[in-house]
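Chains, contacts and geometry: an overview
So the chains spell out like this:
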Amino acid sequence: MRILVMGCGYVGLVTGAVFSDMGNEVTCADVDKNRVASLNKKIMPIYEPGLEEMVRRNMEEGRLSFVLDAGPHVEWAEIIFICVGTPPKDDGETDLSQVEGAARLIGERLTGYKIVVNKSTVPVGTGDFVRRVINETKTTGADFDVVSNPEFLREGSAIADALNPERVVIGASSKHVAMKLLEMYYTLGAPVIITDVASAELIKYASNAFLAMKISFINEIADICEKSGANVADVARGVGVDRRIGREFLNAGLGFGGSCFPKDVVSLLHTSNGLGVEFDMLKATLAVNGGRAAHFVTRITNRFPDMAGKTFGVLGLAFKPDTDDMREAKSVEIIKLLDEKGAKVKAYDPVAMANAKKILPGVAMCDNAYEAAKGADGLLIVTEWREFRQLNMERIKSLLKTPVIFDGRNIYDPDRIRAIGFEYYCVGKA
Ligand code: UGA
């Protein structure tokens, strides 16, 4: 299959790499000159385990290429995936200008039948919008179909998720069109849901919003645990064994960040309000999430009432492990609150420090976790990178000015850590 992928962000790049690895001929286009130039030098714009090897291999074997101008490739491609950015506007509405730009380009260059697939996360109704834009711009009688095929991959495990999806959702106007797209996914052996375009678009938002809601729910249960003597880890385990609920996404912590959940919940709320549906649960999900960083910092100020002049070591800056993505990272909120109270921060993150430096100029970046702990009044766990679980905690204790840990991700066994001599505060346990 000849595939054009428009947009080389997270979704586009991973989609292009995986489809080429499955034997398709793939051209990925992006309007960002620097991005395309570095991709052509096999330098990845993002950190994602396994991505570079896959891109390199498929470029070398001639199945994957990167171009600046998608135009000439519209005619060549059989299927076109729109994977451009869909950032939020100030009022929460999704900005579809990049989607519109891609649709215009397709329309202008349409000379024969194409399947145009929306893979970007887009509000319900966008499929119709893309169809309208292509119809308005096309200059030939060529036909096309617009399909919704949302992506469910997670940053940090994007390649594995794309190769082993839990489901493939295809929203199309007819079974015949859906089957054409299904041919591409067939080898993955994943459950397939074929539906109409609007339902497919909504499946993506409903999934992300539900997961976000689960996280806010367990974080409020954690608040009850902190006040009642219960332990949120055990509560989540006990609740999660019920298959109707499930254990995943019940990790209490600092709340959700990243480029998806915060913006997608706001976008779904915007859509629902526009349709006259209040969706109070989404409002509560956002409100709870918005308060997590402050709740965490309150626990620190309860222990250190005078924060001025104190220094804290922060382990983890990325919004989650295995990524260098700092978008909506809880570290930023926490460090800002500490700064307002006059405290200083030394931080370490295995891969996100280069990105973090740009948005956290006042933070001293350290070469490793031990350096971040050295001389600090307390240690904060903000992102649960695996390597933080394996630290020599005796050494950490000897380096800290005060052996106190505030663990925002519950990565340590409280009994073991206290036995070493730490004062240990975690989430959802008194
Ligand atoms: C999320 C979804 O999980 C993907 O299925 C979806 O494709 C993607 O958004 C998207 O829309 O593109 P992602 O944002 O990469 O993926 O990361 P997640 O692993 O879902 O984590 C999101 C946030 O929730 C992180 O800040 C994480 O720390 C937090 N989280 C997650 C918790 O606080 N508790 C949990 O139990 C799980």
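You'll find the structure just up there.
Remember, it's a predicted structure, so these values are computed and weren't measured experimentally. (Residues numbered from 1 in each chain as written. Predicted model: local features only at pLDDT ≥ 70, side-chain atom pairs only at ≥ 80, totals over all residues. Heavy atoms only, no water.)

Concerning the pairing of strand β14 (residues 423–426)
The line we're drawing: Between buried and exposed lies partly exposed: a residue is buried under 20% and exposed over 50% of the maximum accessible area for its type, with that area taken using a 1.4 Å probe on protein chains only. Elements are defined by DSSP. Helices are runs of H or I of four residues or more, strands are runs of E of two residues or more, and each kind is numbered from the N terminus. At least two bridges found by DSSP between two strands are what make those strands a pair. The path from the first strand over the helix to the second decides the hand: if it runs clockwise while the strands point away from the viewer, the crossover is right-handed.
Across the two faces of β14 the burial differs, with Tyr424 and Cys426 buried and Glu423 and Tyr425 not buried at all. Relative to β14, strand β13 (residues 404–407) runs parallel, the two sharing 4 bridges. Each bridged residue has a counterpart across the sheet, and for Ile405 the counterpart in β14 is Tyr424. With helix α19 (residues 414–420) bridging β13 and the parallel β14, this β-α-β connection has right-handed handedness.

What about the pattern of salt bridges?
Just so we agree on the cut-off: Counted as salt bridges are all cases of a side-chain nitrogen of Lys or Arg within 4 Å of a carboxyl oxygen of Asp or Glu.
Scanning all chains against the criterion turns up 24 salt bridges. For Glu93, the salt bridge is made with Lys89, and the minimal N-O distance between the two is 3.6 Å. Of the residues examined, Glu93 reaches a relative accessible area of 31% and is grouped as partly exposed. According to the relative accessible area criterion, Lys89 is partly exposed, its value standing at 38%. The shortest N-O distance in the salt bridge between Arg154 and Asp161 comes to 2.7 Å. Using a relative accessible area of 36% as the deciding quantity, one classes Arg154 as partly exposed.

Some details on the site of the ligand
The following threshold applies: Distances are taken per atom, and a residue is near a molecule or strand as soon as one of its heavy atoms is within 4 Å of it. Under the convention used here, a 1.4 Å probe and the Shrake-Rupley method define accessible areas, while residue burial counts only the protein chains that appear. Put simply, Ala, Val, Leu, Ile, Met, Phe, Trp, Tyr, Cys and Pro go in the nonpolar bin, Asp, Glu, Lys and Arg in the charged bin, and everything else, Gly too, in the polar bin.
Taken together, 20 residues are adjacent to the ligand, and Phe152, Leu153, Glu155, Lys204 and Asn208 come closest. Coverage of the ligand by the protein amounts to 91% of the 710 Å² it exposes when considered alone. Contributions of two or more residues to the shell around the ligand are made by α9 (197–228) and α11 (261–274). By residue number, the principal contributor to the shell around the ligand is α9, which donates 3 residues. Looking at the shell around the ligand residue by residue, the class counts come to 9 nonpolar, 4 polar and 7 charged.

Some remarks on the packing of helix α1 (residues 10–21) against helix α3 (residues 51–60)
Spelled out, the test is: Axis geometry follows a simple rule: fit a line to the C-alpha atoms, using only the stretch in contact for helices, then measure angles between N-to-C directions, giving values from 0 to 180 degrees. When an angle is under 35 degrees it counts as roughly parallel; over 145 it counts as roughly antiparallel; between 65 and 115 it counts as roughly perpendicular; any other value is oblique. Helix crossings fall into two classes, left-handed where the near helix is turned counterclockwise from the far one by less than a right angle and right-handed where it is turned clockwise. Should any heavy atoms of two residues lie within 4.5 Å, those residues are counted as being in contact.
At a minimum axis separation of 9 Å, α1 and α3 run at an interaxial angle of 50°. One way to sum up the angle between α1 and α3 is to call them oblique. Pair α1 / α3 crosses with left-handed handedness. Note on element contacts: α3 touches α1 through Leu51, Met54, Val55, Arg57 and Asn58, opposite Leu13, Val14, Ala17, Val18, Ser20 and Asp21.

Overview of the nonpolar core
Going by this rule: For this analysis, a nonpolar core means a set of buried residues of the types Ala, Val, Leu, Ile, Met, Phe, Trp, Tyr and Cys, connected via side-chain atoms within 4.5 Å.
If you look at the biggest cluster of nonpolar residues, it comprises 54 residues, and the most contacted ones within it are Leu317, Leu338 and Leu380. Not counting residues within four places of it along the chain, the set of residues in contact with Leu317 comprises Met326, Ala329, Ser331, Ile335, Ala347, Asp349, Met353, Ala356, Leu360, Met365 and Thr383. The next biggest cluster of nonpolar side chains, apart from the first, holds 42 residues, and it includes Val26, Phe81, Ala178 and Met184.

Topic: the environment of Ala354
Mapped onto the fold, Ala354 is located in helix α15 (residues 353–359). Placed 73 residues apart in sequence, Ala354 and Val427 show a C-alpha to C-alpha distance of 28 Å.

Focus: the packing of aromatic side chains
Cut-off, in case you're wondering: Geometry of aromatic contacts follows a simple scheme: Phe, Tyr and Trp rings, the Trp one being its six-membered ring, pair when their centres are within 6.5 Å, and the pair is stacked under 30 degrees between planes, edge-to-face over 60, tilted otherwise.
The full count for this structure, using the stated rule, is 9 aromatic pairs. Ring centres of Phe256 and Phe261 lie 6.0 Å apart, and the angle between their planes is 80°; this geometry places the pair in the edge-to-face category. Judged by its relative accessible area of 4%, Phe256 is buried. For Phe261, a relative accessible area of 13% puts it in the buried group. These aromatic residues form a ring-pair network of at least three members: Phe304, Phe312, Phe406 and Tyr425.

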